[in-house]
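# Survey of secondary and tertiary structure
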Amino acid sequence: MGAKILNGTELSKAVKQELGEEVREMVQRGVQPGLAVIIVGDDPASRVYVNNKKKACQEIGIASFEYALDANIKEKELIDLINVLNKDAKVNGILVQLPLPRHINEENVLYAIDPGKDADCFHPSNAGRLMIGNPMFMPCTPAGIIELINLTGIDIQGKECVVVGRSNIVGKPMSMLLLAKNGTVTVCHSKTRDLPEICRRADVLVAAIGKPEFIKGSFIKPGAVVIDVGMNRLENKKLVGDVEYASACEVASAITPVPGGVGPMTIAMLMRNTVKAARLQNGI
Ligand code: NDP
């Protein structure tokens, strides 16, 4: 058990404290950042995430506006609400908690959000800006991961970085941020051959798969920094990551725990984006 534990809970507290000070100054200048959080249906995991986001808003002094909608709501009604929020000056950021019920097209909903209020950074305009190296907002989970990697003191430049997972929410934007830091990036997915072999090349290994304890200690290069994005609820209710924590700790130089690693940093970065959105919209 030699690995340094990258404590996302503690780091997120420091980020939120800084943001809290920034927000206090903004409020003195007459601007209170506001975040609208839309939740559709009553998925218990989504409810926990939404509550955590609202709590973070409260801690920082961001106004939060919750819209809890019935699972049967029509896609058009949801988009109509987004259009109203797009025009509401008190709302600087808009977040739609995913997943949405099957009858609603997620893309149509996310694309309806004004890119300037897209605190989650999921809109194609923001994804595109990230890709060309001119981001308006940083994607929350990947940005939080960069902050966690910074805790180790390593310089990403020139390092072998392997990202397992290529989702639009985590894997792809993560690879963009590592590339922007001059890492040599390999992106793996379900069709990748010899995954353990590729993982063993990594100085920085990011696992965003959604499969409990899939990455074993034997996949890890001695001394690597291991970031575990996975949040998998086992039948016994235990929450585990995509990395087999105990065996990984034997080999890695640093590792994020689950829970208490990437999750809290994702929320802190969402708060940062909301504050930035409020600044941009108010020209301060
Ligand atoms: P997705 O299901 O959208 O993507 C999973 C990715 O993993 C896909 O690209 C898939 O490949 C790849 N994959 C699946 N099986 C394998 C395999 N056997 N070998 C290699 N790659 C594989 O998930 P997300 O990116 O949204 O989330 C990943 C995990 O991170 C989940 O556990 C989620 O709960 C968690 N998460 C945590 C967050 C946090 O704040 N801590 C935020 C967001 C997500 P392919 O594309 O080929 O299907």
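These numbers were taken from a predicted model, which means no experiment stands behind them. (Residues numbered from 1 in each chain as written. Predicted model: local features only at pLDDT ≥ 70, side-chain atom pairs only at ≥ 80, totals over all residues.)

## With respect to the overall build of the protein chain
- Looking only at helices and strands, the protein chain features 10 helices and 11 strands.
- Along the longest, intermediate and shortest principal axes, the C-alpha atoms of the protein chain span 50 × 40 × 35 Å.
- Taken across its 284 residues, the protein chain has 42% of its residues classed as buried.
- Within the protein chain, counting contacts between residues at least 6 apart in sequence, those at least 24 apart form 71% of the total. (Helix = DSSP H or I, 4+ residues; strand = E, 2+ residues; numbered from the N terminus. Buried ≥ 20, exposed ≤ 12 C-beta atoms within 10 Å, placed from the backbone. Contact = placed C-beta atoms within 7 Å.)

## With respect to helix α3 (residues 75-87)
- Between its terminal C-alpha atoms α3 stretches 19 Å, which fits the 18 Å expected from 13 residues at 1.5 Å a residue.
- Here α3 has its buried residues at L78, I82 and L85. Along α3, the residues classed as buried sweep out an arc of 60° about the axis, all on the same side. Exposed and facing more than 90 degrees away from the buried side of α3 are K76, D80, V84 and K87.
- Of the surrounding secondary structure, the elements contacted by the buried residues of α3 are β2 (34-40), β3 (63-69), β4 (93-96) and α4 (106-112). (Expected span 1.5 Å × (residues − 1). Arc of directions from axis to C-beta.)

## Details of the site of the ligand
- Around the ligand lies a shell of 25 residues, among which S167, H189, S190, G210 and T266 are the nearest.
- Classifying every residue of the shell around the ligand by side-chain character gives 10 nonpolar, 12 polar and three charged. (Near = placed C-beta within 6 Å. Nonpolar A, V, L, I, M, F, W, Y, C, P; charged D, E, K, R; others polar.)

## Quick look at the confidence of the model for the protein chain
- Per-residue pLDDT for the protein chain averages 98, and the proportion of residues at 70 or more is 100%.
- Confidence metrics for the complex model read pTM 0.98 and ipTM 0.99. (pLDDT = per-residue confidence, 0-100.)

## So, the pairing of strand β5 (residues 160-164)
- Burial runs high along β5: four of the five residues are buried.
- Of the crossover connections in this fold, the one passing from β5 over helix α7 (residues 171-180) to the parallel strand β6 (residues 184-188) is right-handed.
- Strand direction decides the pairing type here: β5 and strand β7 (residues 204-207), joined by four bridges, are parallel. Paired with C161 across the two strands is V204, which belongs to β7. (Right-handed = clockwise from strand over helix to strand, strands pointing away. Pairing = 2+ DSSP bridges.)

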